[in-house]
Amino acid sequence: MNDISATSGEHLISLRSVSQKELCLPAQFNQYTVFFISEGNGKFHSDFGIFNFETPVLLFATPLQVIHMQECSNLICRMLQFHGDFYCIEYHRKEVACNGLLFNNIYIDPAVSLSPEDAQFFESLMQQIAVECSQSASSEIVLRAYLQLFLAKASTLKQRILGAQVYQLEKDDQMEKFRLLLDEHYLILHKPSDYSGLLAMSPDNFSRRCTKYFKKSPSQLIQERLVLEAKKQLHLTRQSIKEIAYNLKFKDEFYFSRFFKKLTQVSPQAFRDQTGISIVADLSSY
């Protein structure tokens with residue numbers, strides 16, 4: 001494995017080949033994770049979502065998501081990981097708009113399909129990262145530059161893909177309205193029936209169309225939206241667990257902790273300990 005580690009032993013950035021057997025085991029990582037799969041096909045499980053993919057492809061995962069592959073065939077994969085202490089995607093959002101696009105988005109497919117030319121570009125860039133990591137005195141500045149280029153290129157491709165899908169796929173205006181309603185009311189409306197009522201849809205029709213459109217049920221999206229906000233506040237602020245629980249309208253921090261652990265398999269404090277607190281927390285108020 002090619003990597004640079006902190007004095008604590010935490011991998012700040014790493015790159016390695018991953019076997020198909022390893023990919024098929026459910027896992028959680030403290031780092032942001034990118035899979036570059038050059039050959040094969042299968043299904044990518046990311047928390048509640050299940051996404052088919054064909055290669056070559058990039059797959060993105062946010063820290064401590066539960067991820068694994070299924071129904072895989074002949075996968076050849078390299079895994080690039082970086083810690084938020086090494087490259088903060090929120091701090092660098094002006095340079096690379098990947099927060100909410102490649103990472104931290106509950107609505108869209110986490111895959112970026114690649115042309116042969118795109119695949120060659122990322123293969124070459126990964127090789128440069130590997131060479132730099134293997135140096136006895138690796139430059140973090142150079143590695144951050146390589147990583148920023150990697151994420152910027154992937155973000156550009158993702159935006160292009162999403163733009164093309166507007167014309168290729170039938171847009172469901174009711175589901176797009178649900179997306180807006182959920183982002184507006186996720187703190188207070190926690191039942192699918194709350195949203196089916198606002199949309200003037202029957203619960204069964206709402207559930208069926210939501211699952212078809214987002215590949216997740218309404219309940220899954222509602223829970224993921226609340227957890228996403230919790231993760232943001234844990235990572236981007238220095239507020240206490242009690243304060244964050246209050247912000248998210250939980251009756252107490254213990255109920256919040258149980259809810260968070262049920263969805264993520266780790267406690268809020270463990271999530272904060274493992275992912276760290278972003279430098280953004282000291283630069284501006286959340």
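In case you missed it, the structure is sitting above this.
Starting from 1, residues in each chain are numbered consecutively following that chain's sequence as written. Note on the predicted model: pLDDT of at least 70 is required for a residue's local features to be given, and 80 or more for side-chain atom pairs to be given and counted; whole-chain, interface and lining totals, by contrast, use all residues. Side-chain measures were taken over the full set of non-hydrogen atoms in the model, leaving aside hydrogen atoms and water.

**Brief notes about the overall build of the protein**
- Secondary structure summary: the protein contains 10 helices and 7 strands in total.
- For a compact globule the rule gives 2.2 Å times the number of residues to the power 0.38, and the radius of gyration it is set against comes from C-alpha atoms. Here the C-alpha radius of gyration of the protein, 19 Å, is about what a compact globule of 286 residues would show, namely 19 Å.
- Seen through its C-alpha atoms, the protein measures out along the principal axes to roughly 60 × 45 × 35 Å.
- Summary of the burial criterion: residues with accessible area below 20% of their type's maximum are buried, those above 50% are exposed, and those between are partly exposed, where the area comes from a 1.4 Å probe applied to protein chains only. Counting only residues that meet the buried cut, the protein has 48% of its 286 residues in that class.
- We call two residues in contact whenever any of their non-hydrogen atoms come within 4.5 Å of each other. For the protein, long-range pairs separated by at least 24 residues make up 70% of all intrachain contacts whose partners lie at least 6 apart in sequence. For helices the rule is a DSSP run of H or I covering at least 4 residues; for strands it is a run of E covering at least 2, with both sets numbered from the N terminus onward.

**What about the side chain of R272?**
- By the secondary structure assignment, R272 is in helix α10 (residues 268-275).
- His is not counted, nor are the chain ends, whereas Lys and Arg count as positive and Asp and Glu as negative. Each reported salt bridge corresponds to a side-chain nitrogen of Lys or Arg within 4 Å of a carboxyl oxygen of Asp or Glu. Buried within the structure, R272 lacks any salt-bridge partner; D273 is the closest side chain of opposite charge, at an N-O distance of 6.8 Å.
- Not counting the four nearest positions on each side in its chain, R272 is found in contact with Q233, L234, T237, R238, Q239, S240, I244 and I277.

**Here's the deal with the pairing of strand β4 (residues 49-54)**
- Of the two faces of β4, only the one carrying G49, F51 and F53 is buried; I50, N52 and E54 on the other face are not.
- Any two strands are treated as partners once DSSP identifies two or more bridges connecting them. Bridge analysis of strand β3 (residues 32-46) against β4 gives 6 bridges, and the strand direction is antiparallel. Its bridge partner being in β4, K43 is matched across the sheet by N52.

**Some words on unusual backbone geometry**
- A cis amide bond, omega 0°, links T55 with the succeeding residue P56.
- Mapped onto the elements, P56 comes out in the loop between β4 and β5 (57-61).
- One non-glycine residue, A200, lies in the positive phi region at around 55°.
- Here A200 is to be found in the loop between α5 (192-198) and α6 (203-214).
- Relative accessible area serves as the criterion here: at 72%, A200 is assigned to the exposed category.
- If you check the backbone angles, K249 has positive phi at about 70° while not being a glycine.

**Observations regarding the packing of aromatic side chains**
- Pairing of aromatic rings covers Phe, Tyr and Trp, the last through its six-membered ring, and needs centres within 6.5 Å; plane angles under 30 degrees mean stacked, over 60 mean edge-to-face, and all others mean tilted. For the structure shown, the criterion picks out 18 aromatic pairs.
- A ring pair is formed by F122 and F150, whose centres lie 4.8 Å apart and whose planes are at 65°; its orientation type is edge-to-face. Note that F122 is positioned in helix α2 (residues 116-134) and F150 in helix α3 (residues 140-168), a separation of 28 residues in sequence. Just as F122 is buried, F150 falls in that class too.
- With 6.0 Å between their ring centres and 55° between their planes, F256 and F260 make a pair best called tilted. Of this pair, F256 and F260 both sit in helix α9 (residues 253-264), 4 residues apart, which is roughly one turn of the helix.
- Of the residues examined, F256 reaches a relative accessible area of 1% and is grouped as buried.
- Looking at F260, the relative accessible area reads 0%, which means it is buried.
- Three or more aromatic residues joined by ring pairs form one cluster here, namely Y107, F178, Y195, F206, Y213 and F214.
- Whether a charge sits over a ring depends on NZ of Lys or CZ of Arg being within 6 Å of the ring centre and within 35 degrees of the ring normal. Above the face of the F86 ring, R144 is positioned so that its terminal group lies 4.6 Å from the ring centre.
- Sitting over the face of the ring of Y255, K251 holds its NZ or CZ atom 5.4 Å from the ring centroid.

**Remarks on the nonpolar core**
- Grouping buried Ala, Val, Leu, Ile, Met, Phe, Trp, Tyr and Cys residues that are joined through side-chain atoms within 4.5 Å yields what is termed a nonpolar core. By size, the foremost hydrophobic cluster in this structure holds 36 residues, and its most contacted members are F178, L182, Y195, L221, F256 and F260.
- For this core, the element with the highest residue contribution is helix α7 (residues 218-236), accounting for 7 residues.
- Those residues in contact with L221, other than ones at most four positions away along the chain, are I106, Y107, F178, L182, C210, F214 and K216.
- One finds I13, L80, F86 and F103 within the second-largest nonpolar core, a separate group that totals 32 residues.

**Observations regarding α6**
- Here α6 spans 16 Å end to end across 12 residues, near enough to the 16 Å set by a 1.5 Å rise per residue.
- Elements in contact with the buried residues of α6: α4 (173-185), α5 and α7. Expected span of a helix, by definition, is 1.5 Å for each gap between consecutive residues, and there is one gap fewer than residues.

**Thoughts on the pattern of salt bridges**
- A full pass over the atoms with the stated rule returns 11 salt bridges.
- Salt-bridge contacts for E176 lead to R179; the nearest nitrogen and oxygen are separated by 3.0 Å. One end of the pair, E176, and the other, R179, are both in helix α4, 3 residues apart, so they sit about a helical turn from each other.
- The residue D183 makes a salt bridge to R225 at a minimum N-O spacing of 2.8 Å. Residue D183 is located in helix α4, and its partner R225 is located in helix α7; the two are separated by 42 residues in the primary sequence.
- Three or more residues are tied together by salt bridges with common partners; here these are D183, R225 and E229.

Spatial relationships are all this shows, so hold off on functional conclusions.
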